[in-house]
Amino acid sequence: ATPEAWQKNKTLVLDFYNQRRKQVLEKQPNDGHLACVELENYFDVDIITQNIDDLHERAGSQKVLHLHGEIRKAQSSLNPNLTYEMDGWEIKLGDKCELGSQLRPHVVWFGEPVPKMDEAINIIVKADILVVVGTSLQVYPAAGLLNYCPNSCKVFLIDPNGLDTSTFYKSIEHIKEKAGVGLPRLSKTLIENFA
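Residues numbered from 1 in each chain as written. Predicted model: local features only at pLDDT ≥ 70, side-chain atom pairs only at ≥ 80, totals over all residues. Heavy atoms only, no water.

> Lay out the packing of aromatic side chains in plain terms, naming residues and giving numbers.
This structure, assessed with the given rule, holds three aromatic pairs. A ring pair is formed by Trp-6 and Trp-109, whose centres lie 5.6 Å apart and whose planes are at 40°; its orientation type is tilted. Of this pair, Trp-6 sits in helix 1 (residues 3-8) while Trp-109 sits in the loop between strand 5 (103-107) and helix 5 (117-124); the two residues are 103 residues apart in sequence, bridging distant segments of the chain. Since its relative accessible area comes to 4%, Trp-6 is described here as buried. Note on Trp-109: relative accessible area 2%, which makes it buried. Sitting above the plane of the Phe-16 ring, Arg-20 keeps its charged end 4.5 Å from the centroid. The ring of Trp-89 carries Lys-22 above its face, with NZ or CZ at 4.9 Å from the centroid. (Phe/Tyr/Trp six-rings, centres within 6.5 Å; stacked < 30°, edge-to-face > 60°. Helix = DSSP H or I, 4+ residues; strand = E, 2+ residues; numbered from the N terminus. Buried < 20%, exposed > 50% of the residue type's maximum accessible area, 1.4 Å probe, protein only. Lys NZ or Arg CZ within 6 Å of the ring centre and 35° of its normal.)

Take a look at the structure:
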C-alpha cells in the first residue's frame, strides 16, 4: 500500500487490491450503514469515510466523501484526477488509461497526500452533530478532523475499544459498541431528541 511497492511490483499490488475488491463485492451493508440512511430522513447527513468500500452507497447514502479513495474505481498512474468506474473486480497489468499509463487502484497509499481533506474540513466546520465511528483516533490527518468542529457541535464516538479522547479539546460521548449496534442505537436517540 505504498508508491514504492507499486514501483517495485505492480503485479503484486494489483493482485492485493483485486482480492480486496472481490471481497467488497461479496459484502452487504450492515445495520450501521442502514442507520446512516435512516438519519438522512431527518437530518442533512454528510458521510466522511476512511473506508474505501462502497457499502454506504449501496445502503443508499446520498452524500459520501471517501478520504482514502474508492476500491471500485481505477485511476491513471500518471494523473490521479483521471478515475474510472469499474464493472468487475480486476485491474490487470496492461489495463491503461486514456493517457496510456497503467491503471492502478483509486486509493490513497501511505506516503501520498489525502486530496479530499479540505473538502472534509469544509463539511466538519458546519456540523451541528458529529458522529465518529470505528476509529482509533490515531490515523492522521483524518483524526485531526475532530478539531475542526464548532464548539457548539455535539460529538459522539462509536467504537467498542477504550480510546483516549483526552487529546481533543471537545467533549466526546463514547458509545462502546460496534458500528452495527451503536449506530442504530444512536440514530434512534438522535431522531427522538433532535429531529
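After presenting the structure, the write-up continues.
> Run through the sheet that holds strand 4 (residues 83-85), naming residues and quoting values.
Spatially, 4-3-5 is the arrangement adopted by the three strands of the open sheet, whose pairing is antiparallel. At either end of the open sheet lies a strand with only one pairing partner, and these are strand 4 and strand 5. Averaged over neighbouring strand pairs, the angle between their axes works out to 45° when direction is ignored. Taken together, the three bridges between strand 3 (residues 69-76) and strand 4 define a ladder with antiparallel strand orientation. Paired with Ala-74 across the two strands is Tyr-84, which belongs to strand 4. (Pairing = 2+ DSSP bridges. Axes fitted to C-alpha atoms, helices over the stretch in contact; angles between N-to-C directions.)

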